[in-house]
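Residue strings, one per chain:
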Amino acid sequence: QVQLVESGGDSVQAGGSLRLSCLASANTYRFCMGWFRQAPGKEREGVARIYSDGSTIYADSVKGRFTISKDNAKNTLYLEMNSLEPEDTAMYYCALDATFYCHFTSPSWGQGTQVTVSS
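**Observations regarding the sheet that holds strand 7 (residues 66-71)**
The sheet built from 4 strands is open, its strands ordered 1-3-8-7 with antiparallel pairing. Each of the sheet's edge strands pairs with one partner strand only, and the pair in question is strand 1 (4-7) and strand 7. Pairs of neighbouring strands in the sheet enclose a mean axial angle of 15 degrees, with direction left out of account. As paired strands, strand 7 and strand 8 (residues 76-81) are joined by 6 bridges and run antiparallel to one another. The residue of strand 8 that forms the bridge with Ile-68 is Leu-79.

**Quick look at the nonpolar core**
Grouped together as the largest cluster of nonpolar side chains are 29 residues, with contacts concentrated most on Met-33, Trp-35, Leu-79, Met-81 and Tyr-92. Elements with a minimum of two residues in this core: strand 3 (18-24), strand 4 (32-38), strand 5 (45-50), strand 7, strand 8, strand 9 (90-97) and strand 11 (113-118). Formed by 6 residues, the second largest nonpolar core is a distinct cluster that contains Cys-32, Phe-36, Tyr-51 and Phe-104.

**Comments concerning the environment of Met-81**
Relative to the helices and strands, Met-81 resides in strand 8. Residue classification places Met-81 among the buried positions, given a relative accessible area of 0%. Separated by 65 residues in the primary sequence, Met-81 and Gly-16 have C-alpha atoms spaced 8.4 Å apart. Residues in contact with Met-81, not counting those within four places in the same chain, are Gly-16, Ser-17, Leu-18, Leu-20, Arg-65, Phe-66, Tyr-92 and Val-115.

Conventions and cut-offs
Residues numbered from 1 in each chain as written. Predicted model: local features only at pLDDT ≥ 70, side-chain atom pairs only at ≥ 80, totals over all residues. Heavy atoms only, no water. Pairing = 2+ DSSP bridges. Helix = DSSP H or I, 4+ residues; strand = E, 2+ residues; numbered from the N terminus. Axes fitted to C-alpha atoms, helices over the stretch in contact; angles between N-to-C directions. Core = buried A, V, L, I, M, F, W, Y, C linked by side-chain atoms within 4.5 Å. Buried < 20%, exposed > 50% of the residue type's maximum accessible area, 1.4 Å probe, protein only. Contact = heavy atoms within 4.5 Å.

Any link to function would need more than the numbers given here.
Shown next as structure tokens:
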């Protein structure tokens, strides 16, 4: 069981930037980690993932605007979000997948941090 605590969510205007952080109770270098988001009335969607070798995957909707990274010395995952749009408004969740496959089918979840972008 891994504990994850997100922070950094805020209310910003369109075009602004935020950096989300996720502090893990485990050594982050061992695992795949990612960010997901869910807006009211919508399904949860994957935003970005980072693997143990440092490779990354982004959703098409955020590619070029968001950057995922890790600081393994601090056991912390980050999501740098630039050029924010109202469509980015959602609860953002940190996830850690301890399996070999890194499919995020049953990961550990944080409690979420709210991002609100006004037009």
